[in-house]
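Residue-level structure breakdown
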Amino acid sequence: MNRHTLFLVALLLCCATLVQLSQALAYTQVTPPVASSAVLREGDAPGDDMVAETGDPPVPDGLPAHATADRASIGAVPADEEQPSVRVFLPLIARPADAPPPLPTDWLGRVNGYRARAGVPPVTASAVLNDNCFQHARYMAENNHLTHSQNPSLPYASSEGQICAQKGNAWMGWGGSWQPYQAVDSWMGSVGHRLWLLYPTTPTFGFGFYSNNQRSAAALDVLSTATFGNDASYAGWPVRYPAPNQQDIPATRYPITLHWPYFEQKPVVTGTSLRVVDGATLNHTFTTDLPANHKGIAITPDQAFPPGATIEVTVTGSYKGQPFAFTWRFQTGS
């Protein structure tokens, strides 16, 4: 065999090896995990595709000087627990001058960032309520139980944690990579829980987060300092979310809410419309039968909002005998 023939044989073998290698790489490509859309109810056992557990929003007993509540729990929308390391280079995009700053990642900054977008006053944090909610978050994570009421015979049960259990929102997810702000985002995606988080006359919240690397749990006391007696003097009803001209709404089936004082009447709806500006009309449903007996309206699109779109919503009806008509726009993120 001459040198020319040997060279051709070697070249063919090299090409065959490269083909096999590329096929192997194609079949072993790693893609980022997709967040589970499964929702668990209290008492369900977690499965492989169920990574977060939800409950109901709290309900006050009546109209006291300082609000109380018997039961509380909250919903969770899981986020990816782990993402592979990726390096990308993006062009610098200037934020419009009237756009709100990005949402902070600390719990209080996150809550007040959402409240600012809705146009309601910020809340302060109570060290006492924070500790109560930390104790309840620890109880839930260590006992693998999202609950409205602690069992005093179980580890980490405490009278302080029971206060948060009964007066707050609770959240629990499987895995140790959750962050506190993800619980806040989850509550904002759930109608009944959002309305407590945005309730304009509540001055102070408490928050606790705990993770044991197997489970993470969070609790938010939304009722211990509620001052429903100030609702009549608040001039910003109804609270709308997404707010007019908001620019960072998730491109999901994100609910649109309007809410009025908790201990007042339900609104009457005579018409709703939802559309993409310069685009299609969006099929949707609406209801005034809100979780936890809130007084307001929830509008939910049948399908996810398109990304990077301007959405226009119109609601007409009456509240306490007075007609209203609201039309506003917001934008979805990319």
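Above this note sits the structure.
Here is a short report on the structure shown in this document. (Residues numbered from 1 in each chain as written. Predicted model: local features only at pLDDT ≥ 70, side-chain atom pairs only at ≥ 80, totals over all residues. Heavy atoms only, no water.)

1. Remarks on the pattern of salt bridges
With the rule as written, the count across this model stands at 6 salt bridges. Linking Asp-185 and Arg-110 is a salt bridge whose minimum nitrogen-to-oxygen distance equals 2.8 Å. Of this pair, Asp-185 sits in helix α5 (residues 180–188) while Arg-110 sits in helix α2 (residues 107–118); the two residues are 75 residues apart in sequence, bridging distant segments of the chain. Looking at Arg-110, the relative accessible area reads 10%, which means it is buried. Asp-289 is the partner of Lys-266 in a salt bridge, and the nearest nitrogen-oxygen pair spans 2.4 Å. Here Lys-266, found in the loop between β9 (256–260) and β10 (268–276), pairs with Asp-289, found in the loop between β11 (284–287) and β12 (295–301); they are 23 residues apart in sequence, far enough to count as distant. According to the relative accessible area criterion, Lys-266 is partly exposed, its value standing at 36%. Look at the salt bridges and you will find they share partners, linking Arg-275, Glu-312 and Arg-329 into a network. (Salt bridge = Lys/Arg side-chain N within 4 Å of Asp/Glu carboxyl O. Helix = DSSP H or I, 4+ residues; strand = E, 2+ residues; numbered from the N terminus. Buried < 20%, exposed > 50% of the residue type's maximum accessible area, 1.4 Å probe, protein only.)

2. Let's talk about unusual backbone geometry
With omega at -10°, the peptide bond leading from Trp-237 into Pro-238 counts as cis. Residue placement: Pro-238 occurs in the loop between β7 (215–221) and β8 (239–241). The omega torsion of the bond from Tyr-241 to Pro-242 falls at -5°, within 30 degrees of zero and hence cis. Relative to the helices and strands, Pro-242 resides in the loop between β8 and β9. Phi angles above zero are rare outside glycine, and Asn-213 is one such case at about 75°. Turning to its location among the elements, Asn-213 is positioned in the loop between β6 (204–211) and β7. The phi angle at Ala-292 is positive, at roughly 60°, despite the residue not being glycine. Positionally, Ala-292 belongs in the loop between β11 and β12. Judged by its relative accessible area of 14%, Ala-292 falls in the buried class.

3. Some points on helix α4 (residues 159–167)
One turn of the α-helix equals 3.6 residues, which is why residues spaced by three or four share an orientation. For α4, the complete set of buried residues consists of Gly-161, Gln-162, Cys-164 and Ala-165. Each buried residue of α4 sits inside an arc of 160° when the element is viewed along its axis, so together they form one side. Along its buried surface, α4 packs onto α3 (127–143), β5 (168–174) and β7. (Arc of directions from axis to C-beta. Contact = heavy atoms within 4.5 Å.)

4. Quick word on the sheet that holds β8
Overall, antiparallel pairing links the 4 strands, which are arranged β8-β9-β12-β11 in an open sheet. Looking along the sheet, the strands with just one partner apiece sit at the ends: β8 and β11. The sheet shows a mean angle of 10° between the axes of neighbouring strands, direction not considered. Examined bridge by bridge, β9 and β12 share 5 bridges and lie antiparallel to one another. For Leu-258, the partnering residue across the bridge sits in β12 and is Ile-297. (Pairing = 2+ DSSP bridges. Axes fitted to C-alpha atoms, helices over the stretch in contact; angles between N-to-C directions.)

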